[in-house]
4 protein chains.
Amino acid sequence: MATRENDLLRRKIYTVVFRSDTPSGKLFDIILLMLILLSIASVFMESVAKIRDAYGPYIVFAEWIFTGCFTLEYALRIYSSHKPFKYMFSFLGIIDLLAILPTYLSLLLTGTQYLVVIRAFRLLRVFRILKLNRFMSEGHILSNALKASLHKITVFVASVVTLVTIIGTLMYIIEGNASGFTSIPVSIYWAIVTITTVGYGDISPQSPLGQFLASILMVIGYGIIAVPTGIVSVEMARATEEAKAKCPSCQAAIHSIRDKFCSNCGKTLI
Amino acid sequence: MATRENDLLRRKIYTVVFRSDTPSGKLFDIILLMLILLSIASVFMESVAKIRDAYGPYIVFAEWIFTGCFTLEYALRIYSSHKPFKYMFSFLGIIDLLAILPTYLSLLLTGTQYLVVIRAFRLLRVFRILKLNRFMSEGHILSNALKASLHKITVFVASVVTLVTIIGTLMYIIEGNASGFTSIPVSIYWAIVTITTVGYGDISPQSPLGQFLASILMVIGYGIIAVPTGIVSVEMARATEEAKAKCPSCQAAIHSIRDKFCSNCGKTLI
Amino acid sequence: MATRENDLLRRKIYTVVFRSDTPSGKLFDIILLMLILLSIASVFMESVAKIRDAYGPYIVFAEWIFTGCFTLEYALRIYSSHKPFKYMFSFLGIIDLLAILPTYLSLLLTGTQYLVVIRAFRLLRVFRILKLNRFMSEGHILSNALKASLHKITVFVASVVTLVTIIGTLMYIIEGNASGFTSIPVSIYWAIVTITTVGYGDISPQSPLGQFLASILMVIGYGIIAVPTGIVSVEMARATEEAKAKCPSCQAAIHSIRDKFCSNCGKTLI
Amino acid sequence: MATRENDLLRRKIYTVVFRSDTPSGKLFDIILLMLILLSIASVFMESVAKIRDAYGPYIVFAEWIFTGCFTLEYALRIYSSHKPFKYMFSFLGIIDLLAILPTYLSLLLTGTQYLVVIRAFRLLRVFRILKLNRFMSEGHILSNALKASLHKITVFVASVVTLVTIIGTLMYIIEGNASGFTSIPVSIYWAIVTITTVGYGDISPQSPLGQFLASILMVIGYGIIAVPTGIVSVEMARATEEAKAKCPSCQAAIHSIRDKFCSNCGKTLI
């Protein structure tokens, strides 16, 4: 009998903590998001020297309150989940754990309390509250396009890394210590800063030859941005097309342009 | 009788201040645009110390003249409008009000006079004079494409904000005060400066680990620019296609590819 | 008789200076390009203090030699042209004149000799030597795409200018003189540096509010780069498609997708 | 008899050093890649002053070991290759030679030992181990798209170089030595830094006119990034389309959309 009551309680908790399509679940999610935002804000404030000096103890206290809440939430999630281990080792489950660990670790090591910003990942839950499906399908199109581009982008990144290594080394030989190119790794860092068009200017070439080589690197960097953009545009167009595809007989969405049968009614496609 | 004369006057004023397809309306709009440009120029000049010291009082005087003109114009618009409240709470009406308020506020608070640059928004009226429709339809295509991209871009921006928060905090832990990473908010500011490839260089990592993490952030920033570009390209192609679509029976423009009936003749589409 | 000989000479000169598809014309063009490159190189060298101090007089002498050659060439072009005035007021004719004027002006005003780099425009003649048509048609596709994008890009640029004006003024009010925001025009310059993701860092916000506003501006700048890219991609695709279109009956190239009749055989299209 | 044994040995070596689809060949390639990575890492470490002071002789010793291994590998490749000269003058063969030369040259000239980073190019062999074909075909699509864009991009780059030369010279005249624009080549370097949106900030305009001209250059640079992106997107779409094309009768891949006959079965296409 206790088991049945237990079961009922567990199911009730499950509805609240895991579902966002019920009134209580939605309320729970909104409160949770606010707590996450508040706790991130408190970490931000703790890092500002002036605020820490003035209100340090209060912030630490608030931080423990937040961590208490999140620990309770984590416990409830494990308790109410049908398959606790599956939840614990899922992406969201690991994030939930990582979001409370740093505060406890800060008892042993200083500095770790800032790592609670990993809670920011939990904010992505917000998409579950706002019309979930719409955003999930958009996110799906995005990640499909990126996955389909993966091979092309790997070739591209490998070429860029090689280029940056070679040019970084050449600049180290040409410029030397005087202009800030103190070692090959630093020169490669400079080459990355330049080819991505970030251009801090903390290190910059001074010799004519160095400036000439840097100009070439900039033009290359400016030009090749077109490559990933072109790749993603093409894949995005395909993924968007795919997302719109429907079975001509049952109107169910078709998952991929390469599908040969409708997964809903079994009709042959194409 | 007075009402009828009043009505006639009102309609005449309406033609001048609201319409840009009549000679008098066009002239009014051109004079208005010039006044706006002159008044913005005078604000610019007032902000330059040298010019302010030499001609300060004249500029302030000119500014009051401009504000007088615009106040009169605002009054005429309210007077001649058929539905004064609708105008007052429309986007353009609010801009028109905000464009005159700062000068009056400057009697109470110093510094507010610069806010009159909100008049710059009024310059967008220029599209009404130059072949209005052509530009409006282009603007329509642009805003349609952006609206259609909104969900995808929200997912994208949320991911970027999360990434920037996490990496900003890591850099605060790794680099610390010495390199200018004085607090987490400042580090996040640095992360935004870096991921958008702006790269001021006022804050830049000094430690090897920090430079390594910064390099990764740069490459991510350089790569993911492809994502919004791909999204907008695809939607722009669709919006352009849509803008060209015509009803096969009456040749009226079709508003959206998803329309099922022609809004002009009622014929079934697709 | 003298006229006929004259005519023959004129035609001969015309073949050499205006045509690049004859051996002598090609040779002339190649020598011309080399002279242009050498004269630009001499201007570059003159501007470097060390080289000027050592070889100043020689460089000035060489510059006069080059200018003499180009003046002779300009005279020959006018003499041999069928319609001298048409040539003189054509784009290339004006460039040819502007390319020799600065040297003569340098007798009156110092500093103007550097303006001879306008000769760089003349280097674009190189496309006439290298398989002209191929490049001209590619250039045609590019300029067609840009022309078709003009209205959309005007709307885009007008919006960006308005945004930059408003945010530049806000930053002037927020940051003030201390951070380098000395006047509204300078603040607008900073806003342009930021929104285009150039980011020199000579002026950068110091206050938290200023950094927050700057972050928003950066994200906007990073995001809206997608807009012109999307516009140009779509138009480029259309222009490329158009360049490939052929009349189904006579195979002549069709100039525009909107043509209703083939300009070669008169057949109805579409 | 010795020849046959020799032949067998040669074929065996060939299988190991040139093939990556056999177990021994794959193992060889993996060991090779690790040695390359280690040798590059040792060059990086040698360039860091602190590490060089502490472990200099050990690193030099390791470097000679690596070079010995690569020299042996190079000799084996020449020995086992069917056409040694074809290998020696192939792209990979030249890279293999350049990868060992710098160490030997360092006996004569200091500084050359850093050039061994040319070994980084050899890392691109990694694609041979990971499912070779998939990446090769993706690389093929990329390079096809870039080749097809070559003419358009040449026109684009030539225009940009001309623009940068003209504006660089104008800035030299406007700004002069005080702001760091010490010569025309340096000003052109600044113009490239600006138009590519890198923006180091080591040189930046100080005068109002210079800042105005710089703003225009930035906006141009920000806008025209759309041009190469548009070009590459269109060509990428075409190259992707082409890579998917198959002969309708024999299903063999079709090399180009412009092919008139299937290269496999001779069937007429289109």
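Before any of the text, the structure's been laid out above.
Computed from a prediction, not measured in an experiment: that's the story for all the values here.

1. Let's talk about the overall build of chain A
Inference 1: On a plain count of helices and strands, chain A comes out with eleven helices and zero strands.
Inference 2: When the helices and strands of chain A are read in sequence order from the N terminus, they spell out α-α-α-α-α-α-α-α-α-α-α.
Inference 3: Taking all 270 residues of chain A together, 46% fall into the buried category.
Inference 4: In chain A, the share of contacts with a sequence separation of at least 24, taken over all contacts with a separation of at least 6, comes to 53%.
Inference 5: Total accessible area on chain A is roughly 13800 Å²; 71% of this is exposed by carbon and sulfur atoms.

2. Notes on the environment of T103 of chain B
Residues and elements named next belong to chain B.
Inference 1: Considering the arrangement of structural elements, one finds T103 in helix 6 (residues 101-105).
Inference 2: Given the relative accessible area of 2%, T103 is considered buried.
Inference 3: Linking T103 and F66, residues 37 residues apart in sequence, is a C-alpha distance of 9.8 Å.
Inference 4: A polar contact of 3.0 Å, which involves the side chain of T103, links it to the side chain of T67.

3. Description of the relation of the copies chain A and chain B
The relation between the two copies of this chain is a rotation about an axis and a shift parallel to it.
Inference 1: Superposing chain A onto chain B takes a rotation of 90° combined with a translation of 0.0 Å along the rotation axis, leaving an RMSD of 0.1 Å. What the rotation and shift describe, once combined, is the action of a four-fold rotation axis.
Inference 2: Here only 16% of the contact residues of chain A are again contact residues in chain B; the copies associate through non-equivalent surfaces.

4. A word on the packing of aromatic side chains
Inference 1: One pass over the structure, following the stated rule, counts twelve aromatic pairs over all chains.
Inference 2: With a centroid separation of 5.6 Å and an interplanar angle of 65°, the aromatic rings of W64 of chain C and Y104 of chain C are classed as edge-to-face. Here W64 of chain C is found in helix 3 (residues 49-80), whereas its partner Y104 of chain C is found in helix 6 (residues 101-105), with 40 residues between them in sequence.
Inference 3: Looking at R10 of chain A, its charged tip hangs above the ring of Y79 of chain A, at a distance of 5.1 Å from the centre.

5. Considerations on the packing of helix 10 (residues 208-224) of chain A against helix 10 (residues 184-195) of chain D
Inference 1: Where helix 10 of chain A contacts helix 10 of chain D, the two axes come as close as 9 Å, and the packing angle between them is 25°. Taken together, the axes of helix 10 of chain A and helix 10 of chain D lie roughly parallel to each other. Crossing of helix 10 of chain A over helix 10 of chain D shows left-handed handedness. Contact residues: Q211, A214, S215, M218, V219 and Y222 of chain A in helix 10 of chain A; V186, Y189, I192, V193 and I195 of chain D in helix 10 of chain D.
Inference 2: The residue inventory of the contact of helix 10 of chain A with helix 10 of chain D, partitioned by class, reads nine nonpolar, two polar and no charged.

6. Describing the interface of chain C and chain B
Inference 1: Across the boundary between the two partners, chain C contributes 42 residues, which contact 43 residues of chain B.
Inference 2: Both faces combined, the contact of chain C with chain B buries some 3600 Å², and carbon together with sulfur accounts for 75% of it.
Inference 3: Here chain C and chain B share zero salt bridges between them.
Inference 4: For the pair chain C and chain B, the number of links is six residue pairs in polar contact (both at pLDDT 80 or more).
Inference 5: Here the side of chain C that touches chain B takes twelve residues from helix 8 (residues 132-175) of chain C, the largest share from any one element.
Inference 6: Split by residue class, the side of chain C that touches chain B holds 23 nonpolar, 17 polar and two charged.

7. What to know about the pattern of salt bridges
Residue and element names in this part refer to chain C.
Inference 1: In this structure the tally under the stated criterion is twelve salt bridges over all chains.
Inference 2: A salt bridge links E73 to R77; the shortest N-O distance between them is 2.6 Å. Taken together, the residues E73 and R77, both in helix 3 and four residues apart, mark about one turn of the helix. Each member of the pair, E73 as well as R77, is classed as buried.

8. Some points on the environment of E235 of chain C
All names here are of chain C.
Inference 1: Here E235 lies in helix 11 (residues 226-244).
Inference 2: Among the residues examined, E235 registers a relative accessible area of 6% and is labelled buried.
Inference 3: Sequence separation of E235 and P84 is 151 residues, and the distance between their C-alpha atoms is 37 Å.

9. A short note on the interface of chain A and chain B
Inference 1: Between chain A and chain B, the contact holds 44 residues from the first and 42 residues from the second.
Inference 2: Around 3600 Å² of area is buried between chain A and chain B when both sides are counted, 75% of it from carbon and sulfur atoms.
Inference 3: Joining chain A to chain B, the criterion identifies zero salt bridges.
Inference 4: On inspection of chain A and its partner chain B, the count reaches six residue pairs in polar contact (both at pLDDT 80 or more).

10. Thoughts on helix 3 (residues 49-80) of chain A
Inference 1: Of all the bends found along helix 3 of chain A, the most pronounced is centred on Y55 of chain A and spans about 85°, while P57 of chain A, a proline, follows it within four residues.
Inference 2: Those residues of helix 3 of chain A that fall on the buried side of the exposure criterion are G56, I59, E63, F66, T67, F70, E73, Y74, R77 and S80 of chain A.

11. Points about empty space enclosed by the protein
Leftover empty space is mapped by rolling, across the atoms, a probe with the size of a water molecule.
Inference 1: Taken as a whole, this structure holds one cavity of 30 Å³ or more when the rule is applied.
Inference 2: There is about 270 Å³ of room inside the largest cavity.
Inference 3: As for the largest cavity, its lining consists of 24 residues, of which I225 of chain A, T197 and I225 of chain B, I225 of chain C together with I225 of chain D are closest to the centre.
Inference 4: Breaking the lining of the largest cavity down by element, the ones donating at least two residues are helix 10 of chain A, helix 10 (208-224) of chain B, helix 10 (208-224) of chain C together with helix 11 (208-224) of chain D.
Inference 5: Classifying every residue of the lining of the largest cavity gives eight nonpolar, 16 polar and no charged.

12. Considering the environment of K152 of chain B
Residues and elements named next belong to chain B.
Inference 1: Mapping K152 onto the fold places it in helix 8 (residues 132-175).
Inference 2: By relative accessible area, K152 is classed as buried at 4%.
Inference 3: Residues K152 and V232 lie 80 residues apart in sequence; the distance between their C-alpha atoms is 9.7 Å.

13. Side note on helix 9 (residues 184-195) of chain A
It helps to recall that an α-helix has 3.6 residues per turn; residues three or four apart then point in one direction.
Inference 1: The terminal C-alpha atoms of helix 9 of chain A lie 16 Å apart, and with twelve residues this matches the ideal 16 Å at 1.5 Å per residue to within 8%.
Inference 2: Positive phi shows up at T197 of chain A, right after helix 9 of chain A, with a value of about 60°.

14. Some remarks on the nonpolar core
Inference 1: Of all hydrophobic cores here, the largest spans 161 residues; its most connected members are W190 of chain A, W190 of chain B, W190 of chain C together with W190 of chain D.
Inference 2: Apart from residues no more than four positions distant in its own chain, W190 of chain D is found in contact with Y200 of chain C together with M171, F181, I203, S204, P205, A214 and L217 of chain D.
Inference 3: Residues F28, I40, F66 and A120 of chain B belong to the second largest nonpolar core, which totals 14 residues.

15. Topic: unusual backbone geometry
All names here are of chain A.
Inference 1: Non-glycine residue T197 carries a positive phi angle of around 60°.
Inference 2: Among the secondary structure elements, T197 is positioned in the loop between helix 9 and helix 10.
Inference 3: Residue T197 is classed as buried on the basis of its relative accessible area of 7%.

16. Points about a nonpolar patch on the surface
All names here are of chain A.
Inference 1: Together, V60, W64, I94, L97, L98, L101, Y104, L105, L107, L108 and L109 give the surface a local cluster of nonpolar side chains, amounting to about 960 Å² of exposed area.
Inference 2: Mapped onto the nonpolar patch, the elements with two or more residues apiece are helix 3, helix 5 (91-98) and helix 6 (101-105).
Inference 3: Mapped onto the fold, L107 is located in the loop between helix 6 and helix 7 (126-129).
Inference 4: A relative accessible area of 63% means that L107 is categorised as exposed.

17. Digging into the side chain of T67 of chain B
Inference 1: The residue T67 of chain B is located in helix 3 (residues 49-80) in this model.
Inference 2: Here T67 of chain B is in contact with I100, T103, Y104 and R119 of chain B, once residues within four sequence places are set aside.

18. Let's talk about the side chain of T194 of chain D
Inference 1: Relative to the assigned elements, T194 of chain D resides in helix 10.
Inference 2: Among residues more than four places away in sequence, those in contact with T194 of chain D are V198 and Y200 of chain C together with A214, L217 and M218 of chain D.

Cut-off values and rules
Residues numbered from 1 in each chain as written. Chains lettered and ligands numbered in written order. Predicted model: local features only at pLDDT ≥ 70, side-chain atom pairs only at ≥ 80, totals over all residues. Heavy atoms only, no water. Helix = DSSP H or I, 4+ residues; strand = E, 2+ residues; numbered from the N terminus. Buried < 20%, exposed > 50% of the residue type's maximum accessible area, 1.4 Å probe, protein only. Contact = heavy atoms within 4.5 Å. Areas by Shrake-Rupley, 256 points an atom, 1.4 Å probe, with all protein chains shown as cover. Polar contact = N/O pair within 3.5 Å; in protein donor to acceptor, adjacent residues only side chain to side chain. Least-squares fit on C-alpha atoms with pLDDT ≥ 70 in both. Phe/Tyr/Trp six-rings, centres within 6.5 Å; stacked < 30°, edge-to-face > 60°. Lys NZ or Arg CZ within 6 Å of the ring centre and 35° of its normal. Axes fitted to C-alpha atoms, helices over the stretch in contact; angles between N-to-C directions. Parallel < 35°, antiparallel > 145°, perpendicular 65-115°, else oblique. Left-handed = near helix turned anticlockwise from the far one by under 90°. Nonpolar A, V, L, I, M, F, W, Y, C, P; charged D, E, K, R; others polar. Buried area = accessible area lost by both parts, 1.4 Å probe. Salt bridge = Lys/Arg side-chain N within 4 Å of Asp/Glu carboxyl O. Bend = angle between axes of the 7 residues up to and from the residue. 1 Å grid on protein atoms, 1.4 Å probe; cavity = no way out; pocket = protein on both sides within 12 Å on 5 of 7 lines; lining within 4 Å. Points joined across faces, edges and corners; volume = space filled by probe spheres on them. Expected span 1.5 Å × (residues − 1). Core = buried A, V, L, I, M, F, W, Y, C linked by side-chain atoms within 4.5 Å. Patch = residues over 30% accessible without salt bridge, like charges linked within 9 Å, V, L, I, M, F, W, Y side chains within 5 Å.

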